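Here is what each chain is made of, one letter per residue.
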Amino acid sequence: MQIIKSCSALNSINFQKPFAFVPTMGNLHEGHLSLVKFAKENYSEVITSIFVNPLQFGKNEDFASYPKTLDKDIQLLEDLDCNYLFLPEPNFAENLEVIKPNFSDVLCGLSRPTHFDGVLTIIDKFLRLIKPNACLFGLKDYQQQLIIKDYVNKKKLRTEIISLPIVRENSGLAMSSRNNYLSKDDREHCGIIYSCIQNAAESLKTSPVKIVIEKATDFLENAGFEIDYLEVIDANNLSLITKKTNKILIAVAVIYKKVRLIDNIIVSL
Ligand code: AMP
């Protein structure tokens, strides 16, 4: 695997097409690796990036303490035969014009008001610089991939945005670098976030949305979670469900022992 440490080095690479790009913030786990594996299986070459993007962290968030495990990440990518690893310089996020996305005034956008501006601003820079045939994202960050798809369509960028399934721990907890902040027992307990939204998806067949939300909220609160949001909305536009809705998103963000965890499930109608 070739490690690229500057934009100028990147510019001199002649990628074998079609090639796929997997942007990450490192501290790689099976969720990230599922994207790299998919890319290896479906494209001629794969470039992964590791960059802890300061623009997407709020003032009181964990930018400074975000887990960094570069040597281990390199080994994991080598094992998957990833072709390139891009490690942008620290000033990569400097002097950029901030891009304001659609769909950012709900869900995570409410409690993290500048988060998606930061994500989109950096993804736009990556896509214009690397110009991959495809860029891969996880459905764990449902709102993120929706925002990026919308932007890429609107700007007619030539990269296809591909979203891949959530990879979970044995307990059902969606894998996340932030799970490292929790003990093994806590992670086991947090598996009930997923059972809760699975039950909610089942209940939607027979109960009104309002009741489903109330029940799920009570369940999680009784299990020791602080709810940031728990929403049942149209998965295509993150708005209220209407008669036209053909895909429902059940999305949840909770805080458990100071750690913010997100998860979601899609119900096709
Ligand atoms: P991050 O390093 O958190 O920015 O994540 C990089 C990419 O990995 C994003 O597209 C995430 O949605 C994706 N990802 C993170 N966790 C998971 C997971 N548990 N399953 C699938 N994809 C994931």
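## Some words on the site of the ligand
Then, in step 1: Close to the ligand lie 16 residues; Met25, His32, Asp141, Val167 and Met175 are nearest.
Then, in step 2: Within the side chain of Asp141, a nitrogen or oxygen atom sits 2.6 Å from an oxygen atom of the ligand.
Then, in step 3: In this structure, Met175 approaches the ligand through a main-chain N or O atom, which is 2.9 Å from a nitrogen atom.
Then, in step 4: Put simply, the parts of the chain that give the shell around the ligand at least two residues each are β2 (19-24), α2 (30-42) and β5 (134-138).
Then, in step 5: If you tally residues by element for the shell around the ligand, the top one is α2, at three residues.
Then, in step 6: Looking at the shell around the ligand residue by residue, the classes come out as eight nonpolar, six polar and two charged.

## Let's talk about the domain arrangement of the protein chain
Then, in step 1: Domains assigned within the protein chain are domain 1 (2-164) and domain 2 (177-263).
Then, in step 2: Look at where the C-alpha atoms of domain 1 and domain 2 centre, and you get two points 25 Å apart.
Then, in step 3: Taken together, the contact between domain 1 and domain 2 spans 20 residues of the former and 17 residues of the latter.
Then, in step 4: Interface of domain 1 and domain 2: buried area, both sides summed, is about 1,500 Å²; carbon and sulfur atoms make up 56% of it.
Then, in step 5: The interface formed by domain 1 and domain 2 includes one salt bridge.
Then, in step 6: Arg178 is paired through a salt bridge with Asp62; the nearest N and O atoms lie 2.9 Å apart.
Then, in step 7: For the interface between domain 1 and domain 2, the tally reads eight residue pairs in polar contact (both at pLDDT 80 or more).
Then, in step 8: Broken down by secondary-structure element, the contributors of at least two residues to the side of domain 1 that touches domain 2 are α4 (108-111) and α6 (142-154).
Then, in step 9: Examining the composition of the side of domain 1 that touches domain 2, we find that three residues originate from one element, α6, more than from any other.
Then, in step 10: Its residues assigned to classes, the side of domain 1 that touches domain 2 shows nine nonpolar, seven polar and four charged.

## Some thoughts on unusual backbone geometry
Then, in step 1: With an omega of -5 degrees, the peptide bond running from Lys17 to Pro18 counts as cis.
Then, in step 2: A positive phi angle is found at Phe103, which is not glycine, with a value near 60 degrees.
Then, in step 3: Even without glycine at this site, Lys131 takes up a positive phi of about 50 degrees.
Then, in step 4: Within the secondary structure layout, Lys131 lies in the loop between α5 (115-130) and β5.
Then, in step 5: Residue Lys131 is classed as exposed on the basis of its relative accessible area of 56%.

## Section: helix α3 (residues 70-79)
Then, in step 1: Among all positions in α3, only Asp73, Ile74 and Leu77 are buried. End-on view of α3: buried residues confined to an arc of 100 degrees, all on one side of the axis. In α3, the exposed positions that point more than 90 degrees away from the buried face belong to Asp71, Lys72 and Asp79.
Then, in step 2: Residues of α3 that are buried make contact with β1 (2-4), α2, β3 (45-50) and β4 (84-86).
Then, in step 3: Looking at the residues trailing α3, positive phi occurs at Asp81, about 65 degrees.

## Re empty space enclosed by the protein
Then, in step 1: Scanning the entire structure with this criterion turns up one cavity of 30 Å³ or more.
Then, in step 2: There is about 30 Å³ of room inside the largest cavity.
Then, in step 3: Taken together, Gly172, Leu173, Ala174, Cys190, Ile193, Tyr194, Leu261, Ile262 and Asp263 make up the full set of residues lining the largest cavity.
Then, in step 4: Take the lining of the largest cavity: its biggest share by element is three residues, from strand β9 (residues 259-268).
Then, in step 5: Taken together, the residues of the lining of the largest cavity break down into seven nonpolar, one polar and one charged.

About the criteria used
- Residues numbered from 1 in each chain as written.
- Predicted model: local features only at pLDDT ≥ 70, side-chain atom pairs only at ≥ 80, totals over all residues.
- Heavy atoms only, no water.
- Near = heavy atom within 4 Å.
- Polar contact = N/O pair within 3.5 Å; in protein donor to acceptor, adjacent residues only side chain to side chain.
- Helix = DSSP H or I, 4+ residues; strand = E, 2+ residues; numbered from the N terminus.
- Nonpolar A, V, L, I, M, F, W, Y, C, P; charged D, E, K, R; others polar.
- Domains from an automatic or database assignment.
- Contact = heavy atoms within 4.5 Å.
- Buried area = accessible area lost by both parts, 1.4 Å probe.
- Salt bridge = Lys/Arg side-chain N within 4 Å of Asp/Glu carboxyl O.
- Buried < 20%, exposed > 50% of the residue type's maximum accessible area, 1.4 Å probe, protein only.
- Arc of directions from axis to C-beta.
- 1 Å grid on protein atoms, 1.4 Å probe; cavity = no way out; pocket = protein on both sides within 12 Å on 5 of 7 lines; lining within 4 Å.
- Points joined across faces, edges and corners; volume = space filled by probe spheres on them.

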